[in-house]
Amino acid sequence: MRVLIYGAGVIGSLYAALISEAGVDVSLYARGNRLKELQMHGLRYKKNNEIRTAKVSVLSRLLPLDSYDFILLAVRENQLHIALAELKANISPVIVTMVNSLETYDTWEKICGKGRILPAFPGAGGGFDGDILDAALTPRFIQPTTIGMSGGREKELFDLFRSAMIPCQVVKDMHSWQICHLAMVVPIADAYYHSDDPEHAGNDRVLMNKTAKQIRRNLFNVKTKGIKLVPIKMKFLQILPCSITGFILGIIFRSRFGEKFMYRHSIKAPAEMRRLHEQFYNYIGIYGE
């Protein structure tokens with residue numbers, strides 16, 4: 001099997017490293033300064049308190065006849081259309097879109113070609129220490145890598161992730177899953193942006209309760225639009241008293257998990273998260289606090 005990871009940021013680099021550990025032929029497509037770092041030092045990453053170098057091929061260009069079983073597209077939402085337009089010329093049959101977005105998948109297929117999109121979402125986070133990747137997968141019970149259904153191709157991708165020890169799940173309605181996911185993560189990111197001390201936002205009880213109320217309000221409006229709340233934890237968040245949800249959020253914000261998987265991304269990608277903020281609240285027809 002041959003896999004191309006398109007995008008060498010935190011998510012793309014982590015999945016490239018993990019899949020290569022399973023003995024799969026992995027190529028990593030990069031640009032700019034990240035490309036120079038990879039060409040000079042390779043894909044270096046931390047694991048079990050060691051610094052390792054992944055066995056991946058680093059690419060600076062993608063030729064039309066370069067064929068891969070899967071292309072994992074790991075870019076920011078505002079880079080998605082540009083990436084899909086470039087991939088249109090490539091013959092690889094499946095593009096796995098590991099991107100946070102509210103757009104429908106037929107919109108993407110109009111750019112890259114019909115029948116090529118397999119929607120998914122990563123369960124990972126972290127950052128870079130210089131050019132060394134310091135990232136990890138989220139615990140399965142919180143958020144495994146999630147794959148949509150697309151003509152049976154999801155099973156092969158599921159098996160690939162499992163072989164790489166990547167916790168994963170398949171969901172029937174990936175679009176609804178992503179809408180519900182944004183209903184939760186948009187207020188969480190907003191909490192950091194509204195805080196006078198983002199790194200310690202979890203210490204602000206008022207802010208945590210306000211965030212809990214916004215998540216509950218978002219899920220109510222999503223359900224009102226006829227969208228099923230998935231996964232099941234979203235149903236609990238809708239009915240759980242906001243005081244309890246706010247207390248739990250405070251603990252998570254102050255934890256190592258919150259720092260690695262929530263704080264880092266929110267602080268490093270404010271433009272992306274604010275764009276998603278606008279898209280989400282426009283979608284449900286209200287404006288978030």
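Residues numbered from 1 in each chain as written. Predicted model: local features only at pLDDT ≥ 70, side-chain atom pairs only at ≥ 80, totals over all residues. Heavy atoms only, no water.

(A) Looking closely at the packing of helix H3 (residues 80–87) against helix H4 (residues 105–112). Relative to each other, H3 and H4 sit at 45 degrees, their axes nearing to 7 Å. Taken together, the axes of H3 and H4 are oblique relative to one another. Of the residues in H4, those in contact with Leu80, His81, Leu84 and Ala85 of H3 are Trp108, Ile111 and Cys112. Of the residues in the contact of H3 with H4, the class split is six nonpolar, one polar and no charged. (Axes fitted to C-alpha atoms, helices over the stretch in contact; angles between N-to-C directions. Helix = DSSP H or I, 4+ residues; strand = E, 2+ residues; numbered from the N terminus. Parallel < 35°, antiparallel > 145°, perpendicular 65-115°, else oblique. Contact = heavy atoms within 4.5 Å. Nonpolar A, V, L, I, M, F, W, Y, C, P; charged D, E, K, R; others polar.)

(B) Spatial organisation of the packing of aromatic side chains. The final tally for this structure, using the stated rule, is eight aromatic pairs. On the numbers, 5.6 Å between centres and 50 degrees between planes, the contact of Phe121 with Trp177 is tilted. You can see Phe121 sitting in strand E8 (residues 117–121) and its partner Trp177 sitting in helix H6 (residues 174–194), a full 56 residues away along the chain. By relative accessible area, which is 8% here, Phe121 ends up buried. A residue is classified by how much of its surface remains accessible, and Trp177, at 4% relative accessible area, is buried. Ring geometry for Tyr192 and Tyr263: centres 5.6 Å apart, planes at 65 degrees, overall edge-to-face. Pair noted here: Tyr192 is in helix H6 and Tyr263 is in helix H10 (residues 256–268), with a separation of 71 residues, a long-range link. Here Tyr192 falls in the buried class, since its relative accessible area comes to 2%. These aromatic residues form a ring-pair network of at least three members: Tyr192, Phe253 and Tyr263. The positively charged end of Lys225 is found above the aromatic ring belonging to Tyr283, 5.2 Å away from the centroid. In this structure, Arg274 packs its charged tip against the face of Tyr193, placed 4.4 Å from the ring centre. (Phe/Tyr/Trp six-rings, centres within 6.5 Å; stacked < 30°, edge-to-face > 60°. Buried < 20%, exposed > 50% of the residue type's maximum accessible area, 1.4 Å probe, protein only. Lys NZ or Arg CZ within 6 Å of the ring centre and 35° of its normal.)

(C) Structural context of the pairing of strand E7 (residues 95–98). Residues of E7 alternate between two faces, with Ile95 and Thr97 on one and Val96 and Met98 on the opposite face, all of them buried. In this structure, strand E6 (residues 70–73) lies alongside E7, joined through three bridges in parallel fashion. Bridge pairing in E7 places Ile71 opposite Ile95. Of the strand pairs in this sheet, E7 and E8 are connected by four bridges, and their pairing is parallel. When the bridges of E8 are listed, Thr97 appears paired with Pro119. A crossover links E7 with its parallel partner E8, the connecting element being H4, and its sense is right-handed. (Pairing = 2+ DSSP bridges. Right-handed = clockwise from strand over helix to strand, strands pointing away.)

(D) Expanded view of the sheet that holds strand E1 (residues 2–6). Strand order in the open sheet made by the eight strands is E5-E2-E1-E6-E7-E8-E11-E12, with mixed pairing throughout. Each edge of the sheet is formed by a strand with only one pairing partner; in this case those strands are strand E5 (57–59) and strand E12 (168–170). In this sheet, adjacent strand axes meet at a mean angle of 25 degrees when their direction is disregarded. Pairing geometry for strand E2 (residues 25–29) and E5, over three bridges, is parallel. Looking across to E5, one finds that Ser27 is bridged to Ser57. Contacts between H3 and the sheet are confined to E1, E2, E6, E7 and E8, with E6 contributing the most and set at about 160 degrees to the helix.

(E) Seen up close, the domain arrangement of the chain. Per the domain assignment, the segments making up the chain are domain 1 (2–172) and domain 2 (175–284). With centres defined by C-alpha atoms, the gap from domain 1 to domain 2 works out at 25 Å. Taken residue by residue, the interface counts 28 residues in domain 1 and 21 residues in domain 2. Interface of domain 1 and domain 2: buried area, both sides summed, is about 2,100 Å²; carbon and sulfur atoms make up 56% of it. By the criterion of area lost to domain 2, the three top residues of domain 1 are Glu77, Asn100 and Leu102, representing 32% of everything that side buries. Our count for the contact surface shared by domain 1 and domain 2 stands at three salt bridges. Taking the shortest distance from any N to any O, the salt bridge between Arg275 and Glu77 comes out at 2.3 Å. On the surface where domain 1 and domain 2 come into contact, there are eleven residue pairs in polar contact (both at pLDDT 80 or more). (Domains from an automatic or database assignment. Buried area = accessible area lost by both parts, 1.4 Å probe. Salt bridge = Lys/Arg side-chain N within 4 Å of Asp/Glu carboxyl O. Polar contact = N/O pair within 3.5 Å; in protein donor to acceptor, adjacent residues only side chain to side chain.)

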